Amino acid sequence: ENSSSEIELLSGMRVEGRRRILSNAKFELGLAEFTVKIQLNDDPMEATVTGSQQDQSEFVLLSMGDLRVVLFGSEDGESKINCSISHFDIEGQLVESDSTSQRSQTTIINESLLRFVDDSAGGNEMLVSSPPCMSVLVEKSVIDKETLENGYSVDMILQPLEIIHRDRAMSCLSNMATKLLILKSSVKEESQPSKQSSTRVSVSCVSVIVLVPYCNDTIHSRLFERCGYKDQISRSSPFLGLGLELDNISFDFSTRHMSASCPNVHEAKSVVKVSNVILFSKVTGIERSGRRGRRKLTSYVSRRTDLLVCTGSDESESDACVVVSLSQITPKHNHPIKRNTSAFPMILPLSSLKAHQESDDSDGIEEFYSDALKSTNNQPQHDACHVRSSDPQFVMSSEANETQHEVVVRVPNIFFDITKWERDEFHTILSSLGSGGDRDKPNVEPPKPENAVDKLGLAINVGQASILLHGHDNIDSYSIIMDKIQLHTLMTPSGVRNLRVLSHDVTLYELSNLSHLGSIQLDNEFQFSSLGRSKRVQERFTEHLPSFARVIFFRSKLCQPLSPETPAVMIDVLFRGGVDGLNVVAGDDVYREKSIHANIYDMTYRYNMNSEWIQNITSLLKSETSQQAEEKETHGTDDSEEHSLTNLFVNLTDCNFDYTSPLYYKTASRVILRLGEVRLSSNVVSSSAMQAYKTSLSDVYLHLCNHRHLYNEENEHISCSHRHFNSNDLVVPD
């Protein structure tokens, strides 16, 4: 509709004998407006309801404006394509026709799926031209004429983008894509000589906002009471849901052959870099904006509150905050391949360090890994007669090297603070998001090649995570600080097979009388950038100091540990059961087996008999709504027979139990109980009426002091102590 196009072809040719060779060619295409309409219904007759004589059809509209394409080719095989689009959006359209009445009625509902935000809106009105919302440059070059190896490069620049997730449209598009994959796999391609090629794709975007609407129309005002503000980017329709803002995104993709010795192995790498990531909640509604005579003026007003922020350090604001890298190795003709290295975090066993400390051997620490590898079996063994267990990390590392897909995520800092009421509202929204699209999921699965090994290795590295749980009524607030977090999981089609979680330092603070309402909530309107909004969330952690702060557990600071690089908390979980970790079903019974290895090293627990931090944190994290409680009482528990075996191994090494008598005690004292090694093991069987546990204890020291020695000297070195403690808790008296 109302489309115009112009085509211009310029070519230069030279004549050699009877052949005409095209030396240079230039092709230009311009489209003023272009629209593509795709019907999502599988069968148009299925959308018709004969009983009520109503028709319902779903479409996806793809609109483009001011499309410019320039193609340039040369005789040496090199070519370029330059494309620019000034307007681009995708909408979902629902058309309902009702012929029950005497006069038929047609209702058309359009929902935005993707649109580019006009960054120059409200700016200089004398602006002559604005950059296109999408620019693409594709280049083809010949790398080696003998091997017919070609090189392809794609560069794309995008303006600020907004994506709205719609369950109905996304499920239909997913169903359509699945059918196309099945159709493609059924077509047998003719054998052609393989040509080696390398591909590079680069995409950059100023900002991307992903919105997920909430199914219910109820306004959750508690999410916006504490730190909500008006959003300058207003919408022209009601909205309630969650959003994810990504700032300064760059995407790089490259493919190549691993080496000349392995021509059948293809490697693809993708890297995504983001400066700031903000998770927020947003609501758009009609509010009164003023009067014009007797008429009341209303307009759409958007409010949002930032919940979680992923940002970098203050020293490196220009560097990327979140880095996601994907590595994929694809062997041809079932060629076996194994990674040289993986992202699985290897930790030197403490037993090797202690053996090295007791001996006079002067070899380096790196040789301990080879010695441990030689003495460790390939499979974890659990002997019921001994408390010790073999180190499972060597088996987990070996299986991690066999993955074809590996994803590594690096985040410098994560900040997240929330109250109990906000958490309840947030949990309600999250629980409703996953229940909307299940009915439209296709029943068919895409075909898988024979002997395919669908294993995915996921590694997440976080520099520091700060979580603040605000209390309410008589419950204190709690701050959790975790430094140098490393998570690695191995996933198979049947689920998670291996999981490792470790943290270099874990600190828990108990904060009394912490005010979560302050002057920051009065700033309802501001025009901060993404970096300014992320700093605003960080200020919520330091804006108000509590009247009293106490640290519950942390990594010990009194002395230098034997192994400073060993993490304070390390948890390994191995899921096994039957063959290849799958669940075994025998009749109506299901058998599952898992092994849990928990290691705690160089941690200190400060005991306070008046503290109820376990009950308080449980109350703050409890997320059972009234509706879920009613359903639980109505249906009761599931009595299906399920047999599971859990091999549990807990190790505490060089941990301290610190206790100081209260001030109202007449006898002043401080006690530190040093636990050199504590081991706990058990085989927990779900269907058994009796459980057995084994415990061993060694190298126990008890230190007594006849006065209340202050914690100030140790508090100064605890992670983020200056954020919660006042000067009286940090200054060491003379």
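Residues numbered from 1 in each chain as written. Predicted model: local features only at pLDDT ≥ 70, side-chain atom pairs only at ≥ 80, totals over all residues. Heavy atoms only, no water.

Peer 1: Even after reading the chapter, I still don't get the overall build of the protein chain, so can you show me in this structure?
Peer 2: Within the protein chain one finds 12 helices and 27 strands. Looking at the protein chain as a whole, 37% of its 734 residues qualify as buried. Contacts in the protein chain between residues far apart in sequence, at least 24 positions, make up 73% of those at least 6 positions apart. For the protein chain, the accessible area works out to roughly 43300 Å², and carbon and sulfur atoms hold 53% of it. (Helix = DSSP H or I, 4+ residues; strand = E, 2+ residues; numbered from the N terminus. Buried < 20%, exposed > 50% of the residue type's maximum accessible area, 1.4 Å probe, protein only. Contact = heavy atoms within 4.5 Å. Areas by Shrake-Rupley, 256 points an atom, 1.4 Å probe, with all protein chains shown as cover.)

Peer 1: Hey, could you run me through the side chain of S397 in this one?
Peer 2: Structurally, the position occupied by S397 is in helix α5 (residues 393-400). Apart from the residues lying within four places of it in its own chain, the contact partners of S397 are S342, F344 and M346.

Peer 1: I keep staring at the pairing of strand β18 (residues 477-492) and nothing clicks. Help me out?
Peer 2: Here is the key point about a regular strand: its side chains alternate between the two faces of the sheet. Pairing between strand β17 (residues 456-470) and β18: 13 bridges, direction antiparallel. Across the sheet, residue L468 finds its bridge partner in β18, namely S479. With antiparallel pairing between neighbouring strands as the criterion, β17 and β18 make up a hairpin whose turn holds 6 residues, including D473 at a positive phi of roughly 55 degrees. Strand direction decides the pairing type here: β18 and strand β19 (residues 495-512), joined by 15 bridges, are antiparallel. The partner of Y478 across the bridge, within β19, is E510. Hairpin geometry of β18 and β19 is characterised by an intervening segment of 2 residues between the two adjacent antiparallel strands. (Pairing = 2+ DSSP bridges.)

Peer 1: I would appreciate a short explanation of a nonpolar patch on the surface in the present structure.
Peer 2: On the surface, Y607, M609, F657, Y664 and Y665 cluster together to form a nonpolar patch covering roughly 490 Å² of accessible area. With respect to the element layout, Y607 can be found in strand β24 (residues 603-607). On the accessibility criterion, Y607 (34% relative accessible area) is partly exposed. (Patch = residues over 30% accessible without salt bridge, like charges linked within 9 Å, V, L, I, M, F, W, Y side chains within 5 Å. Salt bridge = Lys/Arg side-chain N within 4 Å of Asp/Glu carboxyl O.)

Peer 1: Looking at this structure, how should I read the pattern of salt bridges?
Peer 2: Two side chains of opposite charge can pair, provided their charged atoms sit close to one another. Taken as a whole, this structure holds 24 salt bridges when the rule is applied. The salt bridge partner of R304 is E245, with a shortest N-O separation of 2.9 Å. Here E245 lies in strand β12 (residues 239-259) and R304 lies in strand β14 (residues 295-311), a separation of 59 residues in the sequence. Assigned by exposure class, R304 and E245 land together as buried. Measuring nitrogen to oxygen at the nearest pair gives 2.6 Å for the salt bridge that ties R533 to E245. Highlighted residues: R533 in helix α7 (residues 530-542) and E245 in strand β12, separated in sequence by 288 residues.

Peer 1: What's the story with the nonpolar core in this structure? I'm lost.
Peer 2: In globular proteins that are soluble, nonpolar side chains generally tend to be buried together. Grouped together as the largest cluster of nonpolar side chains are 39 residues, with contacts concentrated most on I85, F88, F116, M134, C310, V322 and V411. Setting aside residues up to four positions removed in sequence, F88 forms contacts with L62, S63, M64, L114, R115, F116, C133 and M134. Membership of the second largest hydrophobic core comes to 22 residues, among which are F280, V309, I718 and L730. (Core = buried A, V, L, I, M, F, W, Y, C linked by side-chain atoms within 4.5 Å.)

Peer 1: Please explain helix α8 (residues 613-621) as it appears in this structure.
Peer 2: Counting along an α-helix, one turn takes 3.6 residues, and residues three or four places apart therefore face a common direction. Taken together, the buried positions of α8 are occupied by W613, N616, I617 and L620. End-on view of α8: buried residues confined to an arc of 95 degrees, all on one side of the axis. Exposed residues lying more than 90 degrees from the buried face of α8 are I614 and Q615. (Arc of directions from axis to C-beta.)

Peer 1: Would you mind going over the packing of aromatic side chains with me for this structure?
Peer 2: Aromatic rings considered in pairs are described by the distance between their centres and by the relative angle of their planes. Counted according to the given criterion, the structure contains 10 aromatic pairs. Considering the side-chain rings of Y664 and Y665, the 5.3 Å spacing of their centres and the 70 degrees angle between planes classify their relative orientation as edge-to-face. What links up through ring pairs into an aromatic cluster is the set F553, Y605, Y607, W613, F657 and Y659. The ring centre of F59 lies 4.4 Å from the NZ or CZ of K37, which sits over that ring. Over the ring of Y711 we find R606; its NZ or CZ atom is 3.7 Å from the centre of that ring. (Phe/Tyr/Trp six-rings, centres within 6.5 Å; stacked < 30°, edge-to-face > 60°. Lys NZ or Arg CZ within 6 Å of the ring centre and 35° of its normal.)

Peer 1: Where do I start with unusual backbone geometry in this structure?
Peer 2: In terms of backbone geometry, most residues other than glycine have negative phi values and most peptide bonds are trans. Its identity as a non-glycine residue notwithstanding, D654 has a phi of 55 degrees, on the positive side. By secondary structure assignment, the location of D654 is in strand β25 (residues 642-660). A positive phi angle, close to 60 degrees, is found at C720, a residue other than glycine. Summarising the element assignment, C720 is placed in the loop between α10 (712-715) and α11 (721-724).

Peer 1: Sorry if this is basic, but what is going on with the confidence of the model for the protein chain here?
Peer 2: When pLDDT drops low, the exact placement of atoms in the prediction is not to be read closely. For the protein chain, mean pLDDT is 76; residues scoring 70 or higher make up 68% of the total. No element of the protein chain has a lower mean pLDDT than strand β3 (residues 48-49), which averages 44, and none a higher one than β24, which averages 95. Counting interchain partners and residues more than four positions distant, the pLDDT-below-50 stretch residues 188-193 has 0 contacts. (pLDDT = per-residue confidence, 0-100.)

Peer 1: What is the right way to read the environment of L297 from this model?
Peer 2: In this structure, L297 sits in strand β14. For L297 and E287, which are 10 residues apart along the polypeptide, the C-alpha to C-alpha distance reads 8.6 Å.

Peer 1: Would you take a moment to explain the side chain of S512 for this structure?
Peer 2: When you line up the elements, S512 lands in strand β19. Relative accessible area serves as the criterion here: at 15%, S512 is assigned to the buried category. Beyond its immediate chain neighbours, meaning those up to four positions away, S512 contacts D476, P546, S547 and F548.

Peer 1: Sorry if this is basic, but what is going on with the environment of L508 here?
Peer 2: Counting through the fold element by element, L508 comes out in strand β19. For L508, a relative accessible area of 3% corresponds to the buried category. What L508 contacts, discounting residues up to four positions off in sequence, is Y478, S479, I480, R550, V551, I552, F553, W613 and I617.

Peer 1: What should I look at first to understand the environment of L468 in this one?
Peer 2: Mapped onto the elements of the fold, L468 is located in strand β17. Residue classification places L468 among the buried positions, given a relative accessible area of 2%. Considered as a pair, L468 and F416 are 52 residues apart in the sequence and their alpha carbons are 6.3 Å apart.

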